[in-house]
There are 2 protein chains.
Amino acid sequence: MSQQLSSFIKDWAGKMDVELKKCIADLQAPPPLLEAMEYSLLAGGKRIRPIFLFATLDALGHDPLKGKHAACALEMVHTYSLVHDDLPAMDDDDYRRGKLTNHKVFGEAMAILAGDALLTHAFYLLAKNAEGMKPEQFVTMFQEFSLLAGPNGMVGGQAADMLGEDKKLTIDELYYIHERKTADLLTSAVRMGCYIGQASPDQVIHLTTYAKHIGLAFQIQDDILDEIGDEAKLGKKVGSDKDNDKSTFVSLLGVEGAKEQLHQHVQQSKEALAKAEVLSDRLADLADFMVQRDY
Amino acid sequence: MSQQLSSFIKDWAGKMDVELKKCIADLQAPPPLLEAMEYSLLAGGKRIRPIFLFATLDALGHDPLKGKHAACALEMVHTYSLVHDDLPAMDDDDYRRGKLTNHKVFGEAMAILAGDALLTHAFYLLAKNAEGMKPEQFVTMFQEFSLLAGPNGMVGGQAADMLGEDKKLTIDELYYIHERKTADLLTSAVRMGCYIGQASPDQVIHLTTYAKHIGLAFQIQDDILDEIGDEAKLGKKVGSDKDNDKSTFVSLLGVEGAKEQLHQHVQQSKEALAKAEVLSDRLADLADFMVQRDY
């Protein structure tokens, strides 16, 4: 990873911690609910979706800070999906990123409510980002975000994933799941950056294509790292997909096949990016990082 | 209940069934997720929040149909809160309105996801209602709805309710819970009607006061009906609050004390309504209905 990208990621991930803390501090709600929300929000995520939003603004020549509320919204939606996903009725996970999961610390009922609260408050934060935007772009951004995070998008992907748990999926079914479960929210991040950064309609089209391929590349690399990654760097055990007999890009295509798909998606993302004619290398660097990352 | 109000409620509750069905039919998501969403949406709710939104539009001289997307959004948020509330980790209810609860039919994991999907899709539907609205009013409506449904509002009320389950609450604590758990979403319904129906700033203030008192009156009547209601009309067993040793307006104030509070809130709602100078009796009739209703 280039030095420049590395400090961009570090800077903005750090700023996210500060912003997310502020969002929680501004709330007036029963303290145990706020603690549960904050616990998972600040449990050390990679802040991938906010980073892509900030990088899009940078690439369009805007101050990334313009997207801070939207970035918090993205991270809240991502976090709620993890909190609910870890519940006993879902994946029943005790640990995430080396820390106890939300329901192990706060109990199942509070974890359900904390997830609900994070999801709902995300929309408030997105609405806060309306200030300074063109109204029609705000409405479009809002409609898209709620579509991409909802039954047509992320939640639909989660449902398909759960329904497919005990069977061997086809590669098409796997793509169906991850286009929704992973790529849709990342696409939403980039498109939010486009709206806030007033991208041209052509730029929106090309950056959307970029984001879709990056989202899939991200998931494929996740599957590869679960097979051949370094536990210390990942902060979690590898081989869990295999142990759970889960259909992944690696189980369906092998490590080499998955790597080939990864490179293809990164290649396609870069081709789309070239057409978008943006002003900085940030998004191109992030595409390379998707292949190189080991955590 | 007046014949006029009775047919207004019946008509609009019927239209809600049609609209909600359409909302689900328009989605492209795994069929079991859509079935779970539709099951609870169409499980025979009273459609109280949409009715208040429609009545507000009627009182402001607008076609209630203008609020149909927002009404579906309200009903989706209300429904998701019931689906999650019924979960084994929360209230662990097997039946609601005489039908099996969502998780009893579709399993816990799907019930969690159906709730998440309903909540997320509600925001999409609200954004759909932006069409034809003034942009700044839409942004305000959106911010308010997400605040009143989130940790500062409904979810905060749910959390406080859960945290207070095993202790005897004070009347102030009970008000804290129900202002958030019940009154906030009803207030949101009336305020949405104000924004869509372009109420004057003064009307918004008075109708908000009206709605807050109505929301509390609604909850108090619920508590009274749980004590002295007719099981056949209610479609559920009475006395469950007492059996569960739950703090309610009746347990704290007695039936007569609760009735007195109910009348006071209805009185205050009507006083506020008088100041709003609206064009129809619909909202006044609904206030009376809050006292008379037996289901």
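Description of the structure in this document. Owing to the predicted nature of the structure, the values given are computational and were not obtained by experimental measurement. (Residues numbered from 1 in each chain as written. Chains lettered and ligands numbered in written order. Predicted model: local features only at pLDDT ≥ 70, side-chain atom pairs only at ≥ 80, totals over all residues. Heavy atoms only, no water.)

### Let's talk about the overall build of chain A
Counting its regular elements, chain A contains 14 helices and two strands. For chain A, the C-alpha radius of gyration of 18 Å lies close to 19 Å, the compact-globule estimate for 295 residues. With the principal axes as the frame, chain A shows a C-alpha extent of 50 × 45 × 35 Å. In chain A, buried positions account for 59% of the 295 residues. Contacts spanning at least 24 positions in sequence make up 74% of the contacts within chain A whose residues lie at least 6 apart. In the structure as shown, chain A presents an accessible area of about 11700 Å², 47% of it carried by carbon and sulfur atoms. Placing the 31 positive and 45 negative side-chain charges of chain A at their respective mean positions leaves the two points 4 Å apart. (Helix = DSSP H or I, 4+ residues; strand = E, 2+ residues; numbered from the N terminus. Rg over C-alpha atoms; globule rule 2.2 N^0.38 Å. Buried < 20%, exposed > 50% of the residue type's maximum accessible area, 1.4 Å probe, protein only. Contact = heavy atoms within 4.5 Å. Areas by Shrake-Rupley, 256 points an atom, 1.4 Å probe, with all protein chains shown as cover. Lys, Arg positive; Asp, Glu negative; His and termini not counted. Charge placed at Lys NZ, Arg CZ, Asp CG, Glu CD.)

### Some thoughts on the interface of chain B and chain A
Taken together, the contact pairs 47 residues of chain B with 47 residues of chain A. Summing the contributions of chain B and of chain A, the shared interface buries around 4000 Å²; its carbon and sulfur component is 77%. Of all residues in chain B, Leu 113, Thr 120 and Pro 151 of chain B give up the largest surface area on contact with chain A, accounting jointly for 15% of the area buried on that side. Our count for the chain B to chain A interface comes out at zero salt bridges. At the boundary of chain B and chain A, one finds eight residue pairs in polar contact (both at pLDDT 80 or more). The set of elements that each furnish at least two residues to the side of chain B that touches chain A consists of helix 2 (31-41), helix 4 (68-85), helix 6 (108-128), helix 7 (135-149) and helix 8 (154-163) of chain B. (Buried area = accessible area lost by both parts, 1.4 Å probe. Salt bridge = Lys/Arg side-chain N within 4 Å of Asp/Glu carboxyl O. Polar contact = N/O pair within 3.5 Å; in protein donor to acceptor, adjacent residues only side chain to side chain.)

### Section: the environment of Glu 256 of chain A
Residue and element names in this part refer to chain A. By the secondary structure assignment, Glu 256 is in helix 13 (residues 249-276). With relative accessibility at 57%, the residue Glu 256 sits in the exposed group. Along the primary structure Glu 256 and Gly 229 are separated by 27 residues, whereas in three dimensions their C-alpha atoms are 14 Å apart.

### Quick notes on the environment of His 121 of chain B
Along the polypeptide, His 121 of chain B turns up in helix 6. Residue His 121 of chain B is classed as buried on the basis of its relative accessible area of 3%. When the C-alpha positions of His 121 of chain B and Tyr 39 of chain B are compared, they lie 15 Å apart, and in sequence the two are 82 residues distant. With sequence-adjacent residues up to four places away left out, His 121 of chain B is seen in contact with Leu 147 and Pro 151 of chain A together with Cys 23, Leu 27 and Met 76 of chain B.

### Describing the pattern of salt bridges
Side chains that differ in charge, positive against negative, can pair when their charged atoms come close. Residues and elements named next belong to chain A. One pass over the structure, following the stated rule, counts 30 salt bridges over all chains. As a salt-bridge pair, Asp 17 and Arg 47 come within 2.7 Å of each other at their nearest N and O atoms. Here the residue Asp 17 occupies a position in helix 1 (residues 3-25), and Arg 47 occupies one in the loop between helix 2 (31-41) and helix 3 (48-59), the gap between them amounting to 30 residues. For Arg 47, a relative accessible area of 3% gives the class buried. Put simply, Lys 246 and Asp 161 hold a salt bridge, and the shortest N to O gap is 3.4 Å. With a gap of 85 residues between them, Lys 246 in the loop between helix 12 (240-243) and helix 13 and Asp 161 in helix 8 (residues 154-163) connect regions that are remote in the sequence. For Asp 161, a relative accessible area of 12% gives the class buried. Beyond isolated ion pairs, a larger network of salt bridges with shared partners links Asp 17, Arg 47 and Glu 75.

### Quick word on the relation of the copies chain B and chain A
Once turned by 180 degrees and shifted 0.0 Å along the axis, chain B lies on chain A with an RMSD of 0.0 Å. Put plainly, the chains are arranged around a two-fold axis. In terms of C-alpha distance to the rotation axis, chain B has Pro 135 of chain B as its closest residue, with the C-alpha 2.8 Å off the axis. (Least-squares fit on C-alpha atoms with pLDDT ≥ 70 in both.)

### Describing the packing of helix 4 (residues 68-85) of chain A against helix 9 (residues 171-196) of chain A
Residues and elements named next belong to chain A. Two elements in contact, helix 4 and helix 9, have axes whose closest approach is 10 Å; the angle formed by their N-to-C orientations is 170 degrees. Considering the angle they form, helix 4 stands roughly antiparallel to helix 9. Note on element contacts: helix 9 touches helix 4 through Lys 181, Leu 185, Ser 188, Ala 189, Met 192 and Ile 196, opposite Ala 70, Leu 74, Val 77, His 78 and Asp 85. Taken together, the residues that form the contact of helix 4 with helix 9 break down as seven nonpolar, two polar and two charged. (Axes fitted to C-alpha atoms, helices over the stretch in contact; angles between N-to-C directions. Parallel < 35°, antiparallel > 145°, perpendicular 65-115°, else oblique. Nonpolar A, V, L, I, M, F, W, Y, C, P; charged D, E, K, R; others polar.)

### Here's the deal with helix 4 of chain B
Compared with the 26 Å implied by 1.5 Å per residue over 18 residues, the 26 Å span of helix 4 of chain B between its first and last C-alpha is a close match. Of all 18 residues making up helix 4 of chain B, 16 are buried, and the element is well covered by its neighbours. (Expected span 1.5 Å × (residues − 1).)

### Considerations on helix 6 (residues 108-128) of chain A
For helix 6 of chain A, which comprises 21 residues, the first-to-last C-alpha distance of 30 Å matches the rise-based estimate of 30 Å (1.5 Å per residue) to within 8%. Taken across its 21 residues, helix 6 of chain A has 19 buried, putting it largely inside the fold.

### Quick notes on the nonpolar core
If you look at the biggest cluster of nonpolar residues, it comprises 199 residues, and the most contacted ones within it are Leu 33, Phe 52, Tyr 210 and Leu 286 of chain A together with Phe 52, Tyr 210 and Leu 286 of chain B. The contacts of Tyr 210 of chain A, once residues within four sequence positions are left out, are Phe 52, Ser 269, Ala 272, Leu 273, Leu 283, Leu 286 and Ala 287 of chain A. (Core = buried A, V, L, I, M, F, W, Y, C linked by side-chain atoms within 4.5 Å.)

### A look at the packing of aromatic side chains
The tally for this structure, following the rule as stated, stands at 19 aromatic pairs over all chains. A ring pair is formed by Phe 123 of chain A and Phe 145 of chain A, whose centres lie 5.4 Å apart and whose planes are at 55 degrees; its orientation type is tilted. Of this pair, Phe 123 of chain A sits in helix 6 while Phe 145 of chain A sits in helix 7 (residues 135-149); the two residues are 22 residues apart in sequence, bridging distant segments of the chain. For Phe 123 of chain A, a relative accessible area of 0% gives the class buried. Judged by its relative accessible area of 0%, Phe 145 of chain A is buried. One aromatic cluster is present, built from ring pairs that chain together Phe 123, Phe 138, Phe 142 and Phe 145 of chain A together with Phe 123, Phe 138, Phe 142 and Phe 145 of chain B. Above the ring of Tyr 176 of chain A, the side-chain terminus of Arg 180 of chain A is found at 3.6 Å from the ring centroid. (Phe/Tyr/Trp six-rings, centres within 6.5 Å; stacked < 30°, edge-to-face > 60°. Lys NZ or Arg CZ within 6 Å of the ring centre and 35° of its normal.)

### As for a negative patch on the surface
Residue and element names in this part refer to chain A. Among the surface-exposed residues, Asp 91, Asp 92, Glu 165, Asp 166 and Asp 245 lie close enough to one another that they form a single negatively charged patch. Looking at the secondary structure, you find Asp 245 in the loop between helix 12 and helix 13. Since its relative accessible area comes to 65%, Asp 245 is described here as exposed. (Patch = residues over 30% accessible without salt bridge, like charges linked within 9 Å, V, L, I, M, F, W, Y side chains within 5 Å.)

### Brief notes about the side chain of Glu 144 of chain B
All names here are of chain B. In this fold, Glu 144 is placed in helix 7. Judged by relative accessible area, Glu 144 falls into the buried class, the value being 17%. Once you skip the residues sitting within four places of it in the chain, Glu 144 turns out to touch Arg 191 and Tyr 195.

Everything listed here is a matter of coordinates, which is why it stays silent on function.
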